[in-house]
Amino acid sequence: MTATAFVKPGPASRLVNGLLSIKPLANFARSRARKMMIERAESMGIPWRKTAAELQSRDWSAELAQVSNPNLTYPDYYLNPFHAYPEGNLGWEPASEVEVAAYSVHSTIFGEKTPEGDAKLRTAYHDVLKATVAIEPREIVDLGCSVGMSTFALQRIYPQAQLTGVDLSPNFLAVAAYNTHHSPMNPDRAQPRWVHAAAENTGLPAASYDLVSACLLYHELPQTAAIAILQEARRLLKPGGYLGIMDMNPKSQIYAQMPPYILTLLKSTEPFLDQYFALDLGKVIEQAGFELITIQSTTVRHRALVARAH
């Protein structure tokens, strides 16, 4: 299977790419993007710096031993800088800031700046799932689960299901394991299984799951990985099982009309954004052995796709 033809970025995006190829400018853009996120969070009363400092001061050895796969080989794309962190997702600074960053980044999606924007974003996705998935899932895989925000949110809407969260970052999974017992995101103290693996090669049993979900994962992937993950999702699902994806909407006018300065800040933190925007995700979902049921806008910037395995 091959990807659809890669669509070249437009003039504004090419200009931004040129600027970001200059390392000092790229570093400045990442630093500025990070500073803006922190300032926005703390202006809403989200204690970004305090939260991160407290998490970074912990001894994570027990959680790390619980979740880490020492034999895992990381795919090359995952070793890129992501989200203004030189170490990408493989470090304690990004792991300690995932949750507060989500509250900041998603705070203005629905208009008024509020920490509740993130929860509303996930609810909009789950509303599409509940309206489209015609079964009550009992076994669910959450690909790219990070520190567990998407996993715990899925658990709340499917309380009888067994959740399995998969992520490439042992740091993120260690925080997820901690959150299982200590976070208000998991008030019922559900016990997801955390798996340190690539989403395109999970090692989980074939034809064993009712729902595979990928929340805010696809915009962080090169096209080759995006397609491989669809193939892995199809392998994991029982016949008639469902795939749900929620992510940025490449057709949103927000991105089409984004000022070059803001686009530069965004792309400085998302190395594969051009590839994601150029991928016909609906088409490659069908090529991977799914019936595409729906593509719906869930916010002014996001969309949800739901498909059923043949």
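Note that this is a predicted model, so its numbers are computed, not measured.

S.K.: Can you help me understand the pattern of salt bridges in this one?
M.R.: Where charged atoms from two side chains of opposite charge come close, those side chains can pair. Counted under the stated rule, the structure contains 11 salt bridges. A salt bridge links E97 to R34; the shortest N-O distance between them is 2.6 Å. Note that E97 is positioned in helix α5 (residues 92-105) and R34 in helix α2 (residues 23-43), a separation of 63 residues in sequence. Note that R308 and E291 form a salt bridge whose closest N and O atoms lie 2.9 Å from each other. Highlighted residues: R308 in strand β7 (residues 302-309) and E291 in strand β6 (residues 290-297), separated in sequence by 17 residues. According to the relative accessible area criterion, R308 is partly exposed, its value standing at 27%. One salt-bridge network, in which partners are shared between bridges, spans R34, E93 and E97.

S.K.: Is there a simple way to explain the pairing of strand β4 (residues 209-215) in this structure?
M.R.: Side chains on a regular strand alternate between the two faces of the sheet. The buried fraction of β4 is high, at 7 of 7 residues. Of the strand pairs in this sheet, strand β1 (residues 139-143) and β4 are connected by 4 bridges, and their pairing is parallel. Residue pairing across strands places I140 opposite L211, the latter belonging to β4. Relative to strand β5 (residues 237-248), β4 is paired through 6 bridges, and the arrangement is parallel. Across the sheet, the residue bridging to V212 is L243, located in β5.

S.K.: Would you mind showing me how to read unusual backbone geometry here?
M.R.: In terms of backbone geometry, most residues other than glycine have negative phi values and most peptide bonds are trans. With a phi close to 50°, A207 is a non-glycine residue in the positive phi region. Within the element layout of this structure, A207 appears in the loop between β3 (193-196) and β4. A relative accessible area of 42% means that A207 is categorised as partly exposed. Of note in this structure, L216 is not a glycine but carries a positive phi near 60°. Mapped onto the secondary structure, L216 falls in the loop between β4 and α9 (223-236).

S.K.: I would appreciate a short explanation of the UniProt feature "domain: Methyltransferase" (unreviewed entry) in the protein chain in the present structure.
M.R.: Taking the UniProt record as the reference, the feature "domain: Methyltransferase" (unreviewed entry) is found at residues 140-241. Taken as a whole, residues 140-241 contains 35% helix and 25% strand, while its terminal C-alpha atoms sit 10 Å from one another.

Definitions and limits used
Numbering of residues begins from 1 in every chain and follows the order in which that chain's sequence is written. The predicted origin of the model limits local features to residues at a pLDDT of at least 70 and limits the giving and counting of side-chain atom pairs to 80 or more, whereas totals for whole chains, interfaces and linings rest on all residues. Think of the side-chain values as coming from all heavy atoms in the structure, minus any hydrogens and water. Between Lys or Arg on one side and Asp or Glu on the other, a salt bridge is scored when a side-chain nitrogen of the former is within 4 Å of a carboxyl oxygen of the latter. Secondary structure elements follow DSSP: runs of H or I of four or more residues count as helices, runs of E of two or more count as strands, with numbering from the N terminus. For every residue, the accessible area (1.4 Å probe, protein chains only) is compared with the maximum for its type, and the residue is labelled buried under 20%, exposed over 50%, or partly exposed between those bounds. A pair of strands counts as paired when DSSP detects no fewer than two bridges linking them. UniProt positions are given in the numbering used here, feature names are shortened, and annotations may be inferred rather than shown by experiment.

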